[in-house]
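Here are the chains, one letter per residue:
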Amino acid sequence: MVHASAQALATCLTSDERNRNLLYPDVTRIRDVSIGIAVGVIRSAQKLGVDGETKLRTLTDAELEKFVRDQMYHPLLAPKEL
């Protein structure tokens with residue numbers, strides 16, 4: 001899962017960030033980057049058959065991103081039920 005998170009992080013750099021020679025995405029995009037990493041780790045766990053929530057297997061990447069975003073903590077919003 002560590003390898004999957006590192007690979008997902010590497011794909012999160014925008015062309016602007018690459019042009020600025022950044023190694024990591026800009027911290028101002030931390031929430032979006034975190035979602036990208038979460039999706040990458042979930043997909044890796046699914047491929048290895050170690051995912052605990054099998055209902056997520058049928059989701060498209062866009063649907064999975066929305067699921068992760070909806071589950072993400074936000075200090076101004078109440079938590080949602082699973």
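Please read these numbers as outputs of a predicted model, since none were measured by experiment.

**Topic: the nonpolar core**
Move 1: Counting 5 residues, the largest nonpolar core is built from Ile35, Val39, Leu56, Leu64 and Val68.
Move 2: Contributing elements (two or more residues each) for this core: helix H3 (30–48) and helix H4 (61–71).
Move 3: Leu64 has contacts with Val39, Ile42, Arg43, Leu56 and Leu59, leaving out every residue within four places of it along the chain.

**Some points on unusual backbone geometry**
Move 1: A positive phi angle is found at Asn21, which is not glycine, with a value near 60 degrees.
Move 2: Take Asn21: it is sitting in the loop between helix H2 (15–19) and H3.

What counts as what
- Residues numbered from 1 in each chain as written.
- Predicted model: local features only at pLDDT ≥ 70, side-chain atom pairs only at ≥ 80, totals over all residues.
- Heavy atoms only, no water.
- Core = buried A, V, L, I, M, F, W, Y, C linked by side-chain atoms within 4.5 Å.
- Buried < 20%, exposed > 50% of the residue type's maximum accessible area, 1.4 Å probe, protein only.
- Helix = DSSP H or I, 4+ residues; strand = E, 2+ residues; numbered from the N terminus.
- Contact = heavy atoms within 4.5 Å.

All quantities given are derived from atomic positions and should not be read as evidence of function.
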